[in-house]
Amino acid sequence: MNLRLDGRTALVTGATRGLGIAMARALGQTGAKVAMNYANSDTVAAAALESLLADGCDAALFKADVTDAAEIRDLVARVRASLGPVDILVLNATPDQPHCPVEEYNWAFCQQMLDFFVKSPFLLTQAVLPDMKERRHGRIINITSEVFKEGVPEFSPYVAAKGGQEGLTRSLARELAPWGITVNSVAPGWIPVERHSRDPQAAKDAYLATIPAGRWGTPKDVAAAVAFLASEEAAFISGQSLGVNGARTL
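Now for a look at the structure at hand. (Residues numbered from 1 in each chain as written. Predicted model: local features only at pLDDT ≥ 70, side-chain atom pairs only at ≥ 80, totals over all residues. Heavy atoms only, no water.)

If you walk across this open sheet you meet the seven strands as 3-2-1-4-5-6-7, and the pairing is parallel. Two strands in the sheet have a free side with no partner beyond their single neighbour: strand 3 (58-63) and strand 7 (241-244). Geometrically, the sheet is characterised by an average inter-axis angle of 20 degrees between neighbouring strands, direction not taken into account. Alignment of strand 1 (residues 9-12) against strand 4 (residues 88-91), held across three bridges, turns out to be parallel. (Pairing = 2+ DSSP bridges. Helix = DSSP H or I, 4+ residues; strand = E, 2+ residues; numbered from the N terminus. Axes fitted to C-alpha atoms, helices over the stretch in contact; angles between N-to-C directions.)

Three or four residues apart is the spacing at which side chains of an α-helix point the same way, because the helix has 3.6 residues per turn. Across its 29 residues, helix 4 (residues 107-135) extends 40 Å between first and last C-alpha, which sits within 8% of the 42 Å expected from 1.5 Å per residue. Leu129 marks where helix 4 bends most, by close to 45 degrees; the proline Pro130 follows one to four residues later. Where helix 4 begins, the side chain of Asn106 points an oxygen toward the backbone nitrogen of Ala108, at a separation of 3.2 Å. Positive backbone phi, approximately 55 degrees, marks Arg136, located one or two places after helix 4. (Expected span 1.5 Å × (residues − 1). Bend = angle between axes of the 7 residues up to and from the residue. Polar contact = N/O pair within 3.5 Å; in protein donor to acceptor, adjacent residues only side chain to side chain.)

This part takes up the pattern of salt bridges. Taken as a whole, this structure holds 12 salt bridges when the rule is applied. Between Asp6 and Arg4 there is a salt bridge whose closest N-O contact spans 2.9 Å. Taken together, the shared-partner salt bridges in this structure form one network comprising Arg8, Asp87, Arg135, Arg139 and Glu232. (Salt bridge = Lys/Arg side-chain N within 4 Å of Asp/Glu carboxyl O.)

Before going further, it helps to spend a moment on unusual backbone geometry. We note that Arg136 has phi near 55 degrees; this positive angle belongs to a residue other than glycine. Along the chain, the position of Arg136 falls in the loop between helix 4 and strand 5 (138-143). Within the chain, Glu154 stands out as a residue other than glycine whose phi angle is a positive 55 degrees. Inspection of the secondary structure assignment puts Glu154 in the loop between helix 5 (147-150) and helix 6 (156-176). The partly exposed category is assigned to Glu154, whose relative accessible area is 47%. (Buried < 20%, exposed > 50% of the residue type's maximum accessible area, 1.4 Å probe, protein only.)

One can find Asn106 in the loop between strand 4 and helix 4. Sequence separation of Asn106 and Pro95 is 11 residues, and the distance between their C-alpha atoms is 15 Å.

The residue Thr169 is located in helix 6 in this model. Looking at Thr169, the relative accessible area reads 1%, which means it is buried. Beyond its immediate chain neighbours, meaning those up to four positions away, Thr169 contacts Asn142, Val183, Asn184, Ser185, Gly239 and Gln240. (Contact = heavy atoms within 4.5 Å.)

With six bridges joining them, strand 2 (residues 33-38) and strand 3 adopt parallel strand pairing. Bridge pairing in strand 3 places Val34 opposite Ala59. Running through helix 2 (residues 42-54), the crossover from strand 2 to the neighbouring parallel element strand 3 is right-handed. (Right-handed = clockwise from strand over helix to strand, strands pointing away.)

Take a look at the structure:
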């Protein structure tokens, strides 16, 4: 089995912490040149890059707001100029996602969810497609969530936006298959990362009790699924949503 990605360029959004840095590292360790996108802390980003370089990865940082159309076009152009055309696009950027009763959400928050999980994947896909179609090869991987299948309550804007991202995956998979471009999603369960540090322990314990595998998932579990879907071994897999949650969803 050949999971090597030598000669490929991967763009990972939200790549400097949490699941993002794990996915960037996995792609780099399999030989891809990795464009690590981020939007906020330069200090965190610099530390993330240093970590990947120390692991022998060929990586570089690219700051951009991936919900802004002009910044997306500039981002893809900068990656192309520095590392080459994007072969692998991993759509992972995310904002905070508080749980609230539906009456307490406002439309601005709902719009933010749509911007990150529908607008951003749509515009980034458009931006990388000319190069992918020219080479008749590409991998587009949406990082979605089990919440869409679960219908998690008091989480409606996030669940709805993730449903839109899953729908985009399904439609684009059929549209782009003739060009050798696969489009899949990886749908993790609750994977504790930095942004979950203040979550109530009781909630964590209750969730863990529902995982048939009997353990927490890790960022490496998600990253391994992404690296596989990015490889040549997954060339005939498209339009699929791969749950990474220890059998919580089937």
